[in-house]
Amino acid sequence: GTTSENRGGASASAPAQCKGASGKYVIGMSQANVAEPYRQRMDDDIRAAAKAVPQFEVRFADAQQDNSRQVSDVENFITQKVDLLIISPNEAKPLTQVVKSAYDKGIPVLVLDRKVEGDAYTSWIGADNVEIGRKAGEYVATKLLPNGGKVAEIRGLAGSTPAKERGDGFREAIKGKNIDIVVSQDGDWLREKGQEKADAILKSNPDIPVIYAHNDPMAEGAYLAAKAVGKQDSIKFIGIDGLPIPSGGLKAVEAGRLAATFIYPTAGKEAVDSAKKLLIDCQQLPKTQTLQTQQITKENATETYNKANPN
Amino acid sequence: MTTDFVATRPSAASVVFRFQSLFGLVAVFIAAVVFSPSRDGELLFLSSGNLFNVVRAMSEIGIIAVGMTFVILIGGIDLSVGAVLGLAAVGSAVLLVENDFSLVPAVLLVLLVGLVFGLLQGIATTLFKIQAFIVTLAGLQIARGLARIWSGGQGVAIAYGSDPGEAPVAFSLLGERTFNGLVPIPALIFIVVAALAILFLRGSAFSRHVYAIGGNEQAARLSGVPVTRVKVIVFGISGFLAALAGIIHAGQLNQGSPNDGSTYELDAIAAVVVGGTSLSGGRGSVVGTVAGALLLGVLNNILALNSVDTNVQLLIKGLVIVVAAGLQGLRPS
Amino acid sequence: MTTDFVATRPSAASVVFRFQSLFGLVAVFIAAVVFSPSRDGELLFLSSGNLFNVVRAMSEIGIIAVGMTFVILIGGIDLSVGAVLGLAAVGSAVLLVENDFSLVPAVLLVLLVGLVFGLLQGIATTLFKIQAFIVTLAGLQIARGLARIWSGGQGVAIAYGSDPGEAPVAFSLLGERTFNGLVPIPALIFIVVAALAILFLRGSAFSRHVYAIGGNEQAARLSGVPVTRVKVIVFGISGFLAALAGIIHAGQLNQGSPNDGSTYELDAIAAVVVGGTSLSGGRGSVVGTVAGALLLGVLNNILALNSVDTNVQLLIKGLVIVVAAGLQGLRPS
Amino acid sequence: MDDGVLVRLAGISKSYGGVKACRDVDFTLRAGEVHALLGENGAGKSTLMRVLSGDITDYQGVVVVAGAEVHFHGPADAQRSGIAMIHQELDLVPGLSVAENIFLGREPRTRLRTLDRRAMLRLTRELLHRTGIDLDPRRPVGSLRTGEQQLVTIAKALSLDARVLIMDEPTSALTAAEVDRMFTVIGELRRNGAGIVYISHRMDEIGRIASRATVLRNGAVVASFDVRKMTATQAAEAMIGRPVQALFSTHDDAALGEPVLAVRDLVVTRQRPGRREPAGISLTVRRGEIVGLAGLLGSGRTELLETLFGAGRSWQGSVLLHGKPIRPRTPRQALRLGIAFVPEDRRSLGLALDHSVLANTVLSIVDRLSVLGMVSRQREQASVARIVRELQVKLASVRSPVSTLSGGNQQKVVFGRMLLTSPSVLLLDEPTRGVDVGAKAEIYQLLGQLAASGVGVLLASSELAELVGVCDRVIVLRGGRTVAELPTAQAGEAELLAASMGEVVPL
Ligand SMILES: Nc1ncnc2c1ncn2[C@@H]1O[C@H](COP(=O)(O)OP(=O)(O)OP(=O)(O)O)[C@@H](O)[C@H]1O
Ligand SMILES: Nc1ncnc2c1ncn2[C@@H]1O[C@H](COP(=O)(O)OP(=O)(O)OP(=O)(O)O)[C@@H](O)[C@H]1O
Ligand SMILES: [Mg+2]
Ligand SMILES: [Mg+2]
């Protein structure tokens, strides 16, 4: 469930000669790291969406979380003279230069999820982690702890941007609501880390009512830790991502393990739509396409899952 | 323990060194008690629940480390264990959930996969005389690749029940605790594995061959030790135990995902070395490894209980490992 | 090259083996040409831009691998290089951007940090007789921790200019290409470093000591070789080159972030081994390492140009490494 | 400097844990003398000299060099004051060339401080020529034979132009020819006023070159002789501390029975680099017979034994054990068949040095000692106890690491391991290398008993006296072929040497 809105000015020039529906197009997709379920799903979404467009052939590269490797991946796509580049940058600054060089060579570039600096790209499609953190905070403040209380936070990998933003947004939202984050630990995005850290948290704060994890796997880990000491029902667990996969957050909410999760859209489908607009329909693209998050609770979990996996 | 067959004869000093890992464990344990935060008068660290958490948290690393001990004793190393754990975790999940295997066949098949993977690595090192470091480094990449292919790249969630697409409830026991919810099953399995390994390495003829190969391979061969066979078996054991750990991993987290267990090999090696086993082979023991694993587990736990900054945690762990290894350096002879 | 003093008497076979890595490189290169996709009649792989990309992409690993060669020749190993690279990258960024250092002092200071870090590891291994594997494994964690703390956990972006908070424009050269935008600067640096190392390893008495220690440390000691000093210096060299690579890394990516260079140590080791240097020390050469690095670079490149699936790439690379190492196993003597 | 005393050791003591390796030893070395240092295995000879050569730095006592008291902090330190030592165990770098090994640690430099390879090769050639050693300076030492390697260490020590040269069993792997050449070199050194400490278990050599002899027992000086007035028995008794029985105990040839081991036209086609594989071997060993293998360095003795033991390359021809054709492919199979092998180089091929004597001794029979795969402690204790008793191994405890035993006692451990397999054929490669007269006598006696009990023994040795004294027949190898077979009843050392060097032997 994502809505595309047109912000920002006119987009950079669409490719000079637009071959339209007659042409065949090779699209290069440079992924930061498929080891993250979210990014694997992004690739899968692109693959699925591209199937529907006979003119498209998508080639995937995985930078395995290494900026340099992703620079090489993009260089290789440039060498291959791809007709369009989709990139989900590992980090903004390091990829800016190489993305620019692709863009300057006339290759339209769609940047997903993480931004690059400057405006040497065709269009950015993604969601706002601060906003999502804020949504999570509001949910806690209004639904779970209306008259204040304690929260434990399990953060993403220390040093990663989303970890920072999801933490900051959350803090903004609970400011002045008499809610305090009594303990905050790094869970490195990993399920088992979430479990291990939650073990400790439940020791030092047995009476904690809410655990906010920066992604669903860590929230699930925390749930397991609580289950081990029979506290799974007295504590509310909140995650982020809401991936529509069997091991994802939607299922976890549906099954009642998580109280809520907040969808962090992969932008995969939207990317292919944009590519189609640009290459086949020969239209312009908005410079910025912000995708809205969605709050998932038991009410809408199932429905959302099925909508995301039509079969 | 086994080392007394290969190490110097007991002297005041050498005893301390032989049991260095135990002393180290005690030391760290005491430190943990001292620094343990307390809540309404109870020392959090000592609360039984917490202690069992420590063991549970270390059980997978511990099991891997036991196999690693054998490999290191023959002068080898196995960097693939983490990846094999991931492969096994994925395997269990896929077989139980997607292929509707029943429990026993699934577990056996996964264990077999780990065993065979290990044996193949052993064959590669011995027959083609390639250093274990390289073979298992490649093995790491290969196992990861296979896991990603097998799982389709995404973690495979395990739901329990009797319908198709659900895993037998028995499997979820791996996430449970027995003795009125106190002792985690994985901890029990770890203890059993360790006990068996200790007994085995203590008295068996095979273990003598293991130590001999680590001590001087050529001499061992000329003494009639079936060097190749022993080495291959040892790598098989390591693969097998890694697979076992992977099954536990999947059972604990109700999911098998292809990236499970990454860098576990380093933790396992650290446990072995902190446990007083020499990376150059021929001297060491499983007792030490178990102590080493627990030592690192306690360390993790107390740092977490005091919610020490992650970076500082890295520094502290690094130093502890060096110091532990340093003690071995000072060891007589 | 150096090995002609360490390999067995030149025989048809041994020549092939001695230049194994070069043969391997040629083989892979030919394969690359054959399998190269072409666009508008041009072989993409052979397009000059692409070839330089290959060298640029390998330059950091290559520089690290040169240092690693020294360490491995003395029978050691350095797992910390990737982390030291990260530390150096962060260091350059912080010093240039946040502390407004000018270019030369910043670079020198960072190189010094790498050097000292390496020397300290060397001292730990030699004086306290701790295996290099452990010391540098701990060193890895410590360097990462330091990098995180120094950078405040975030990647430090580098903006260029003359205002405070901006890095001198000269530094951005590291990201540029010379000779009308063809030859990447990092590639040049790599070539220079490699050339110096090769000459050094050929011509210096120090190099004889390196080989001697790797071949038979006891004998070296009895011959009056300053074993400890040589070892410490070698680890210093490795740290120094890792820092150099880190500076290049920061310059290329206009950022230093604490996780930069993770697992680079494995790539470097792979390059060294594929280059025909034995992990047990005493035999090998920098020429081989350079060839090994390029071989892996070409392999990465051609796999990417054909957009081979990542998992399959993992498998293929794993196999290539094993085969390369296997050839050494067959090597006479 | 009183009458040319180069070195004076006063009250030197050194102990390892419980073991007192040296107790309050006084020792002097004069210019122009060859001073023999005698003593049984573990007497403390090497230890004492490692103190003098700066290898051991933590000792009690005083070292006086050229009149001044010194305390060396390392071998390099001692070398600077003109003291060089040839170590008992070969200490060379296999990967480096002969030249590089000889100049290791003091490489000639060019003006640019870089390695002067040309000078290094030139100097090495000169050195090798001067010492009459015929080797290519560029060859990697790893590809040399044990004997050749020993020659390199000697050349290396000579290249130091030391005033004081310590030679710890320099000839243990050399044959008569090389020994002669080496003695002439030593003679020159002596005339040029150098002092030489000579450690050897070969009495004949002592008589030939030494002028003075000092005898150690249990780490203490028990006697010193003017060699010209010293008889071998005197020396032996001083060493062992009791009257010695005859070195060679003759066993009755009556026991000789049917062939246990028969080799016909054994040929190994694929050579290992630097090795001389069998190229046409035919021989027979009968029940209760001790057959010797003579030959110059590189004549193929080691390889023959390795091949028979299944530790070599695959071969053509026929090998019959008790009349049945066999083809052992691994040492394990060979041992199962009842063939045992004591390798030449105990350190690299024989022992796990930092493992206990116990572990090393029972290694070959742990399977036999175990029930349900578990080793029975009593039985292994018993086995080790038997070996320690029968071979009179000198050790602190069966739990101590083998590395702490003296060279000779280490050899006994390897020997004992093979005896425990109760073989019917025993293959020995230089079994008494570095073993003292006492232990030698014991080992020879043991061989006698084994033969008497029906074991067939094949003994490769470079010590002609040993071959003549111990064996019933000696088979001579040259270039990997059997070239002569001499019954020791008729033939003596001279004939053996002649045959090895390829002269026609009448008879
Ligand atoms: N590194 C060591 N650690 C412990 N004990 C040792 C060590 N080296 C030698 N010893 C002991 O010191 C004593 C003297 O040993 P040493 O090697 O000097 O005897 P040796 O006279 O050279 O004998 P051989 O003639 O066999 O070489 C022996 O009892 C030996 O066990
Ligand atoms: N693995 C090995 N590689 C190279 N050389 C070896 C190896 N093992 C043993 N050697 C040496 O190679 C030499 C070949 O010995 P060979 O049998 O040709 O001569 P030999 O008659 O045994 O003379 P000796 O044994 O006295 O040297 C032996 O000295 C042996 O020590
Ligand atoms: Mg000695
Ligand atoms: Mg021999």
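Throughout, residues of each chain are indexed from 1 in the direction in which the sequence is written. Each chain gets a letter, beginning with A, and each ligand a number, beginning with 1, in the order they are written. The predicted origin of the model limits local features to residues at a pLDDT of at least 70 and limits the giving and counting of side-chain atom pairs to 80 or more, whereas totals for whole chains, interfaces and linings rest on all residues. The side-chain figures draw on all heavy atoms in the structure; neither hydrogens nor water molecules are used.

Points about the overall build of chain A
Each helix is a run of DSSP H or I of at least 4 residues and each strand a run of E of at least 2, with the numbering of both proceeding from the N terminus. Per the secondary structure count, chain A includes 10 helices and 12 strands. The dimensions of chain A, computed from C-alpha atoms along their principal axes, are 65 × 40 × 30 Å. A buried classification covers 63% of the 311 residues belonging to chain A. Of the roughly 11200 Å² that chain A leaves accessible, carbon and sulfur atoms contribute 51%. Charge centroids of chain A, computed over 40 positive and 40 negative side chains, lie 2 Å from each other. A simple rule labels every residue: compare its accessible area, found with a 1.4 Å probe on the protein chains alone, to the largest value its type can have, and call it buried under 20%, exposed over 50%, or partly exposed in between. All accessible areas in this document rest on Shrake-Rupley with a 1.4 Å probe, and a residue is counted as covered only by the protein chains that are shown. Note that His is not counted, nor are the chain ends; the positive residues are Lys and Arg, and the negative ones are Asp and Glu. In this description, the location of a charge corresponds to atom NZ of lysine, CZ of arginine, CG of aspartate or CD of glutamate.

A few points about the site of ligand 1
Residue and element names in this part refer to chain D. In the vicinity of ligand 1 there are 20 residues, among which Asn-41, Lys-45, Ser-46, Thr-47 and Thr-404 approach most closely. Counting of polar contacts relies on pairs of N or O atoms within 3.5 Å, with two restrictions inside protein: one atom must be capable of donating a hydrogen and the other of accepting it, and residues adjacent in sequence are counted only when both atoms are side-chain atoms. Note that an oxygen atom of ligand 1 is positioned 2.9 Å from one of the side-chain N or O atoms of His-201. Broken down by secondary-structure element, the contributors of at least two residues to the shell around ligand 1 are strand E2 (19–30), helix H1 (45–52) and helix H15 (407–419). In terms of residues, the shell around ligand 1 owes the most to one element, H1, which gives three residues. Residue polarity is assigned by list, with Asp, Glu, Lys and Arg as charged and Ala, Val, Leu, Ile, Met, Phe, Trp, Tyr, Cys and Pro as nonpolar; anything else, Gly included, falls into the polar class. Its residues assigned to classes, the shell around ligand 1 shows five nonpolar, 11 polar and four charged. Of the residues that make up the shell around ligand 1, three or more belong to each of domain 1 (2–240) and domain 2 (253–500). The near set for a molecule or strand comprises every residue that places at least one heavy atom within 4 Å of it. Domain boundaries shown here were taken from an automatic or database domain assignment.

Side note on the packing of helix H5 (residues 103–127) of chain C against helix H11 (residues 227–253) of chain C
Residue and element names in this part refer to chain C. Here H5 crosses H11 at 145 degrees, and the two axes come no closer than 7 Å. With respect to the hand of their crossing, H5 and H11 are arranged in right-handed fashion. Along the contact surface, H5 presents Val-107, Val-110, Leu-111, Gly-114, Leu-115, Gly-118, Leu-119, Gly-122, Ile-123, Thr-125, Thr-126 and Leu-127, while H11 presents Thr-228, Lys-231, Val-232, Ile-233, Phe-235, Gly-236, Gly-239, Phe-240, Ala-243, Leu-244 and Ile-247. Among the residues making up the contact of H5 with H11, the classes are represented as 14 nonpolar, eight polar and one charged. Where helices are involved, their axes are fitted lines through C-alpha atoms of the stretch in contact, as for all axes, and angles between N-to-C directions lie from 0 to 180°. Crossings are sorted by hand: turned counterclockwise from the far helix by less than a right angle, the near helix makes the crossing left-handed, and turned clockwise it makes it right-handed. Should any heavy atoms of two residues lie within 4.5 Å, those residues are considered in contact.

Remarks on the interface of chain B and chain A
Between chain B and chain A, the residue contacts involve 30 residues of the former and 24 residues of the latter. Summing both sides of the interface, chain B and chain A together bury roughly 2300 Å²; the carbon and sulfur share of this comes to 46%. Throughout, buried area stands for the accessible area (probe radius 1.4 Å) lost by two parts on being put together, summed over both. When the area that chain B buries against chain A is broken down by residue, the three leading residues are Arg39(B), Gln154(B) and Leu253(B), summing to 24%. For this analysis, a salt bridge means a side-chain nitrogen from Lys or Arg found within 4 Å of a carboxyl oxygen belonging to Asp or Glu. Counting across the chain B and chain A interface gives one salt bridge. Where Asp199(A) meets Arg56(B), a salt bridge forms, and the shortest distance between an N and an O atom there is 2.7 Å. Taken together, chain B and chain A are joined by eight residue pairs in polar contact (both at pLDDT 80 or more). Those elements that place two or more of their residues in the side of chain B that touches chain A are helix H3 (48–73), strand E3 (156–157), helix H11 (227–253) and helix H13 (286–305) of chain B.

Topic: the coordination of the magnesium ion (ligand 4)
Each metal's donors are the N, O and S atoms within 2.8 Å of it, or within 3.2 Å when it is Na, K or Ca, and because water is not part of the set, sites may look incomplete. Bound to the magnesium ion (ligand 4) on the protein side are Thr302(D) (OG1) and Glu344(D) (OE), at distances that span 1.7 to 2.8 Å. Separated by 42 residues along the polypeptide, Thr302(D) in helix H9 (residues 301–308) and Glu344(D) in the loop between strand E16 (339–342) and helix H11 (346–350) bring together distant segments of the chain.

What about helix H5 (residues 146–159) of chain D?
Working rule for helices: expected span equals 1.5 Å times residues minus one. With 14 residues, H5(D) ought to run about 20 Å at 1.5 Å a step, and its terminal C-alpha atoms sit 20 Å apart, in line with that. Asp161(D) sits one or two residues past H5(D) and shows a positive phi near 45 degrees.

Some words on the sheet that holds strand E22 (residues 481–487) of chain D
Pairing between the strands of a sheet comes from backbone hydrogen bonds, and it takes one of two forms, parallel or antiparallel. Residue and element names in this part refer to chain D. When DSSP finds two or more bridges between a pair of strands, those strands are recorded as paired. Read from one edge of the open sheet, six strands run E16-E19-E20-E13-E21-E22, paired in mixed fashion. Each having just a single partner strand, E16 and E22 make up the two edges of the open sheet. Going from strand to strand, the sheet's axes swing by 20 degrees on average, the running direction of each strand aside. Pairing analysis gives six bridges linking strand E21 (residues 473–478) to E22, with the strands arranged antiparallel. Within the sheet, the bridge partner assigned to Val-474 lies in E22 and is Leu-486.

Brief notes about the arrangement of the chains
Counting contacts across all five pairs of chains that touch, the top pair turns out to be chains B and D. Separated throughout, chain A and chain D approach each other most closely at a C-alpha pair spaced 38 Å apart.

Remarks on the packing of aromatic side chains
Residue and element names in this part refer to chain A. Only centres within 6.5 Å qualify two rings of Phe, Tyr or Trp (six-membered ring in Trp) as a pair; their planes then separate them into stacked at under 30 degrees, edge-to-face at over 60, and tilted for everything else. One pass over the full model with this rule turns up 12 aromatic pairs over all chains. On the basis of an interplanar angle of 40 degrees and a centroid distance of 4.9 Å, the ring pair of Tyr-38 and Tyr-264 is categorised as tilted. On the criterion of sequence distance, the pair formed by Tyr-38 in helix H1 (residues 37–51) and Tyr-264 in the loop between strand E10 (260–263) and helix H9 (268–280) is long-range, its members being 226 residues apart. Given the relative accessible area of 6%, Tyr-38 is considered buried. For Tyr-264, a relative accessible area of 4% translates into the label buried.

Concerning the sheet that holds strand E12 (residues 295–296) of chain A
Residue and element names in this part refer to chain A. The six strands lie next to each other as E7-E6-E8-E9-E10-E12, forming an open sheet whose pairing is mixed. Sheet topology places strand E7 (179–186) and E12 at the edges, where each strand pairs with a single neighbour. In the sheet, E10 pairs with E12 via two bridges, with the strands oriented antiparallel. Along E12, the bridge assignment pairs Thr-261 with Ile-296.

Let's talk about the site of ligand 2
Residue and element names in this part refer to chain D. Around ligand 2, 15 residues are found, and the nearest of them are Thr-146, Arg-301, Thr-302, Glu-303 and Glu-344. Contact between ligand 2 and Gly-300: an oxygen atom at 3.4 Å from a main-chain N or O atom of the residue. Between an oxygen atom of ligand 2 and a side-chain N or O atom of Arg-301, the distance comes to 2.5 Å. For ligand 2, whose accessible area on its own is 580 Å², the fraction buried by protein is 85%.

Section: the nonpolar core
Counting residues in each nonpolar core, the largest one holds 217 residues, and the members touching the most others are Phe133(B) and Phe133(C). Setting aside residues up to four positions removed in sequence, Phe133(C) forms contacts with Ile77(B), Phe133(B), Ile269(B), Leu279(B), Ile77(C) and Leu79(C). Take the buried residues of types Ala, Val, Leu, Ile, Met, Phe, Trp, Tyr and Cys, join any two whose side-chain atoms come within 4.5 Å, and each joined set is a nonpolar core. Among the nonpolar cores identified, the runner-up in size contains 80 residues, and Val268(D), Leu351(D), Leu405(D) and Phe415(D) belong to it.

Observations concerning the environment of Leu157(A)
Positionally, Leu157(A) belongs in the loop between strand E6 (149–155) and helix H5 (161–174). Taking the C-alpha atoms as reference, Leu157(A) lies 28 Å from Ser123(A); in sequence the two are 34 residues apart. With sequence-adjacent residues up to four places away left out, Leu157(A) is seen in contact with Gln65(A), Ala163(A), Asp188(A), Trp189(A) and Asn259(C).

A word on the interface of chain B and chain D
Each partner contributes to the interface: chain B provides 30 residues, whereas chain D provides 35 residues. Between chain B and chain D, the buried area comes to about 2500 Å², and carbon and sulfur atoms account for 58% of it. Between chain B and chain D we count two salt bridges in total. Note that Glu380(D) and Arg208(B) form a salt bridge whose closest N and O atoms lie 3.0 Å from each other. The greatest single-element share of the side of chain B that touches chain D, amounting to six residues, is contributed by helix H9 (residues 205–215) of chain B. The class makeup of the residues in the side of chain B that touches chain D is 13 nonpolar, 10 polar and seven charged.

Overview of the layout of surface pockets
Site definitions follow a grid-based scheme: protein atoms alone, a 1 Å grid, a 1.4 Å probe that fits but cannot get out for cavities, and for pockets an open set with protein on both sides within 12 Å along at least five of seven lines, plus lining residues having an atom within 4 Å of a point. Grid points are joined across faces, edges and corners, and a volume is the space filled by probe spheres set on the points. By volume, the second largest pocket amounts to about 890 Å³. Every residue lining the second largest pocket is counted, 40 residues in all, and those nearest its centre are Arg257(A), Ala157(B), Ile158(B), Ala159(B) and Asn254(B). Among the elements of the structure, H1, helix H6 (191–204) and helix H7 (216–228) of chain A together with helix H4 (81–98), E3 and H11 of chain B are those that each provide at least two residues to the lining of the second largest pocket. Of the residues contributing to the lining of the second largest pocket, the split by class is 14 nonpolar, 15 polar and 11 charged.

Re the confidence of the model for chain A
All names here are of chain A. Confidence per residue, as judged by the predictor, is encoded in pLDDT with a range of 0 to 100. Considering every residue of chain A, the mean pLDDT works out to 88; 94% of them sit at 70 or more. Mean pLDDT values for the elements of chain A range from 88 in H6 up to 96 in strand E8 (residues 210–213). Segment residues 1–15: pLDDT under 50, and 37 contacts once partners within four positions in sequence are set aside and those in other chains are kept.

Brief notes about empty space enclosed by the protein
All names here are of chain D. Summed over the entire model, instances satisfying the criterion amount to 11 cavities of 30 Å³ or more. Its volume calculated, the second largest cavity comes out at about 270 Å³. With four residues, the top contributor of residues to the lining of the second largest cavity is strand E6 (residues 83–86). Class assignment for the residues of the lining of the second largest cavity results in 11 nonpolar, five polar and four charged.

Considering the side chain of Asp55(D)
Checked against the element boundaries, Asp55(D) lands in the loop between H1 and strand E4 (60–65). Judged by its relative accessible area of 13%, Asp55(D) falls in the buried class. Reaching out from Asp55(D), the side chain makes a polar contact with the side chain of Arg221(C) at a distance of 3.4 Å. Beyond its immediate chain neighbours, meaning those up to four positions away, Asp55(D) contacts Arg221(C), Leu222(C), Arg50(D), Pro75(D) and His87(D).

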